[in-house]
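# Per-entry structural report
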Amino acid sequence: MKYFSLIILFILISCGKKEDVLLPKSNVTIVSNVLDHSPIYIFFRKNEKDTLAEVNKKNEIISTSWIFNIDKRLPLRLVIPEVMKLQEKKRSEVAHKNELAENYYSYSDSIHKNMAFLLFTKVYYKMEKPKSSCIVFFDKQNEIKVNNVAVKRNDLKQYLVSIRKEKADELQFCFAKNMTYGSYIQDEIFIQSLKINTNEEFIY
């Protein structure tokens with residue numbers, strides 16, 4: 001518990017002044033430790049009626065793994081474009097490129113009381129609807145639809161297996177652009193539990 005508190009304190013003060021980043025929560029740890037990393041923060045901001053995503057990347061070191069600490073209240077329509085810019089910056093780096101450096105999302109494991117991390121280095125995001133394929137859509141109401149057919153979360157893996165036997169289309173995981181980042185991380189952890197690999201995700 002003491003270790004967990006120290007990590008949270010680090011997140012709050014590491015930018016030079018005390019600022020809150022409300023991390024997503026889950027009950028499972030995917031990755032427990034990341035070596036040689038630098039933090040990137042995306043803060044939740046309000047400007048009258050508008051919600052803003054404020055990026056603080058002054059601590060980034062291009063040759064290290066990046067840990068993205070993102071406020072769970074932000075919608076994906078604001079978060080993902082900023083993530084895409086940072087991904088492209090790292091992918092296009094030549095002089096200081098480190099092939100071993102990865103990108104991770106951070107979240108809080110509320111059961112084990114520790115920080116946890118979700119690898120997403122190889123994910124390419126697109127802010128559009130896929131042109132074709134088998135669309136697995138996670139909406140902001142925590143429901144899942146496969147090609148517009150509602151499917152229960154516990155039945156999804158078996159349903160996808162049955163579909164892929166009939167169709168050769170590649171699965172495309174898609175997310176509602178107004179979904180909160182906190183819900184997105186929970187969905188990502190769920191997708192990893194399905195053991196289905198994909199390198200593209202669509203936000204619309």
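Residues numbered from 1 in each chain as written. Predicted model: local features only at pLDDT ≥ 70, side-chain atom pairs only at ≥ 80, totals over all residues. Heavy atoms only, no water.

## A closer look at the pattern of salt bridges
Just so we agree on the cut-off: Any carboxyl oxygen of Asp or Glu that lies within 4 Å of a side-chain nitrogen of Lys or Arg is treated as forming a salt bridge with it. The secondary structure listing takes helices from DSSP runs of H or I that are at least 4 residues long and strands from runs of E that are at least 2 residues long, numbered from the N terminus. Think of it in three bands: with a 1.4 Å probe and only protein chains considered, a residue is buried below 20% of the maximum accessible area for its type, exposed above 50%, and partly exposed in between.
This structure, assessed with the given rule, holds seven salt bridges. Between lysine 89 and glutamate 60 there is a salt bridge whose closest N-O contact spans 2.4 Å. Of the two residues, lysine 89 sits in helix α2 (residues 76-91) while glutamate 60 sits in the loop between β3 (50-56) and β4 (65-70), which places them 29 residues apart along the sequence. Of the residues examined, glutamate 60 reaches a relative accessible area of 16% and is grouped as buried.

## Regarding unusual backbone geometry
At aspartate 36, a position not held by glycine, the phi torsion is positive, near 50°. Inspection of the secondary structure assignment puts aspartate 36 in the loop between β1 (25-26) and β2 (37-47). The phi angle at lysine 113 is positive, at roughly 60°, despite the residue not being glycine.

## A look at the side chain of lysine 90
Under the convention used in this document: All tallies of charge rest on Lys and Arg as positive and Asp and Glu as negative; His and the ends of each chain are not included. Whenever two N or O atoms come within 3.5 Å, that pair is a polar contact, provided that in protein one can donate a hydrogen and the other can accept it, and provided that, for residues adjacent in sequence, both atoms are side-chain atoms. In what follows, a contact means two residues having at least one pair of non-hydrogen atoms within 4.5 Å.
In this fold, lysine 90 is placed in helix α2. Buried charge lysine 90 goes without a salt bridge, the closest partner of opposite sign being glutamate 102 at 7.4 Å. Side-chain polar atoms of lysine 90 contact the backbone oxygen of glutamate 102, separated by 3.2 Å. Engagement of the side chain of lysine 90 in a polar contact is seen with the side chain of asparagine 103, the distance being 3.2 Å. Among all residues touching lysine 90, those that are not within four sequence positions of it are Ile62, Thr64, Ser65, Trp66, Lys97, Ala101, Glu102 and Asn103.

## So, the packing of aromatic side chains
Put simply, the rule is: Two aromatic rings from Phe, Tyr or Trp, using only the six-membered ring of Trp, form a pair when their centres are within 6.5 Å; if the ring planes differ by under 30 degrees the pair is stacked, by over 60 it is edge-to-face, and anything between is tilted.
Under the criterion given, the structure shown has twelve aromatic pairs. The interplanar angle of 5° and the centroid separation of 3.8 Å between the aromatic rings of tyrosine 105 and phenylalanine 120 together place this pair among those described as stacked. Pair noted here: tyrosine 105 is in strand β5 (residues 103-109) and phenylalanine 120 is in the loop between β6 (114-119) and β7 (124-126), with a separation of 15 residues, a long-range link. Looking at tyrosine 105, the relative accessible area reads 1%, which means it is buried. Ring centres of tyrosine 105 and tyrosine 184 lie 6.2 Å apart, and the angle between their planes is 85°; this geometry places the pair in the edge-to-face category.

## Details of the confidence of the model for the protein chain
The following threshold applies: Confidence scores labelled pLDDT are given residue by residue by the predictor and lie between 0 and 100.
Per-chain confidence: the protein chain averages 89 in pLDDT, with 89% of residues scoring 70 or above. Predicted confidence for residues 1-16 stays below pLDDT 50, and this span has 25 contacts to residues more than four positions away or in other chains.

## Things to note about the environment of tyrosine 184
For tyrosine 184, the position within the fold is in helix α4 (residues 181-193). On a C-alpha basis, the gap between tyrosine 184 and proline 75 in space is 9.2 Å, while along the polypeptide they are 109 residues apart. Ignoring any residue separated from it by four or fewer positions in sequence, one finds tyrosine 184 in contact with Leu76, Tyr105, Tyr125, Phe175, Met179 and Glu201. At 2.7 Å, the side chain of tyrosine 184 forms a polar contact with the side chain of tyrosine 125.

## Structural notes on the pairing of strand β8 (residues 134-138)
So the rule is basically this: At least two bridges found by DSSP between two strands is the condition for calling them paired.
Counting buried residues in β8 gives five out of five residues, a clear majority hidden from the surface. Where β8 and strand β11 (residues 171-175) come together, five bridges link them in parallel fashion. When the sheet's bridge partners are listed, phenylalanine 138 is paired in β11 with phenylalanine 175. Hairpin remark: β8 followed by strand β9 (residues 144-146), antiparallel, with five residues in the connecting loop; positive phi at asparagine 142, about 70°.

## A short note on the layout of surface pockets
Our working rule: Here the term cavity refers to a set of points on a 1 Å grid, laid over the protein atoms alone, in which a 1.4 Å probe fits but cannot get out; the term pocket refers to an open set having protein on both sides within 12 Å along at least five of seven lines, with lining residues being those that place an atom within 4 Å of a point. Grid points are joined across faces, edges and corners, and a volume is the space filled by probe spheres set on the points. Amino acids are sorted into nonpolar (Ala, Val, Leu, Ile, Met, Phe, Trp, Tyr, Cys and Pro), charged (Asp, Glu, Lys and Arg) and polar (every other residue, Gly among them).
Size it by volume and the largest pocket reaches roughly 420 Å³. Looking at the largest pocket, it is lined by 15 residues, and the ones nearest its centre are Leu119, Val123, Gln192, Asn197 and Thr198. At three residues, the largest contribution of residues to the lining of the largest pocket is made by α4. In the lining of the largest pocket, the residues fall into five nonpolar, five polar and five charged.

## Some remarks on α4
Heads up, the rule is: Under the convention used throughout, the expected extent of a helix is 1.5 Å for every residue step, that is, one less than its residue count.
Between its terminal C-alpha atoms α4 stretches 19 Å, which fits the 18 Å expected from 13 residues at 1.5 Å a residue. Within two residues after α4, lysine 195 carries a phi angle of roughly 60°, on the positive side.

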